[in-house]
Amino acid sequence: MDVLEAIATRRSIGKVKEDPVPSELIHQIVEAGTWAPSHFRTEPWRFFVLTGDARKALGKTLASLVEKTLEDPNSEESQKRLEREENKPLRAPVIIAVAVEPTTANKRIMMKEEAAAVCASVQNMLLAAHALAWVPFGEQVKAVIQTR
């Protein structure tokens, strides 16, 4: 599949297969993420491959973040929402989480540039997964960027 076809045909879907993902495939997808451009060649991306119980820990973290936004976290409705959030990572056998670790060595580098590099990295990974016929659950791809 050429890159233009991958761009035109890649879509996020709401269902994933429970089949195990071969480690070679995960390696190829993460490697594609490292090919993204970054200003000053900082390569600010950090990859975390989560399987098994690590997905449960992620679910607890996600639920904790959502809980802080709820008006009444103890209501029945809120408790159901928190349970759904906690179970989201369990829908996929593998999660590749990506974070930005901005460089502090060069004062000319802006946080926006570092975050943009990580976004480009994630796009590379999504396109690689599509080209390799692995369908990621793109709806779960969220970028959280905190600036000081």
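Just above sits the structure.
Residues numbered from 1 in each chain as written. Predicted model: local features only at pLDDT ≥ 70, side-chain atom pairs only at ≥ 80, totals over all residues. Heavy atoms only, no water.

Orientation of helix α2 (residues 23–34) relative to helix α5 (residues 111–131), taken along the N-to-C sense of each, is 145°, at an axis distance of 7 Å. Crossing hand, α2 versus α5: right-handed. Facing I29, V30, A32, G33 and T34 of α2, the residues of α5 in contact are S121, N124, M125, A128 and A129. Among the residues forming the contact of α2 with α5, the class breakdown is six nonpolar, four polar and no charged. (Axes fitted to C-alpha atoms, helices over the stretch in contact; angles between N-to-C directions. Helix = DSSP H or I, 4+ residues; strand = E, 2+ residues; numbered from the N terminus. Left-handed = near helix turned anticlockwise from the far one by under 90°. Contact = heavy atoms within 4.5 Å. Nonpolar A, V, L, I, M, F, W, Y, C, P; charged D, E, K, R; others polar.)

Moving on, we get to unusual backbone geometry. Positive phi, normally seen in glycine, also occurs at F40, with a value near 60°. The topology assignment puts F40 in the loop between α2 and β1 (45–50).

This part covers the pattern of salt bridges. Between side chains of opposite charge, pairing is possible as soon as their charged atoms come close. For the structure shown, the criterion picks out five salt bridges. The salt bridge partner of D53 is K56, with a shortest N-O separation of 3.5 Å. Linking D53 with K56, this pair stays in helix α3 (residues 53–67), spanning three residues, or about one helical turn. You can call D53 exposed: its relative accessible area is 57%. The exposure class assigned to K56 is partly exposed, which follows from its relative accessible area of 45%. Note that K80 is salt-bridged to E76, the shortest N-O span being 3.4 Å. On the criterion of helical spacing, the pair formed by K80 and E76 is a turn pair, its members being four residues apart in helix α4 (residues 76–87). (Salt bridge = Lys/Arg side-chain N within 4 Å of Asp/Glu carboxyl O. Buried < 20%, exposed > 50% of the residue type's maximum accessible area, 1.4 Å probe, protein only.)

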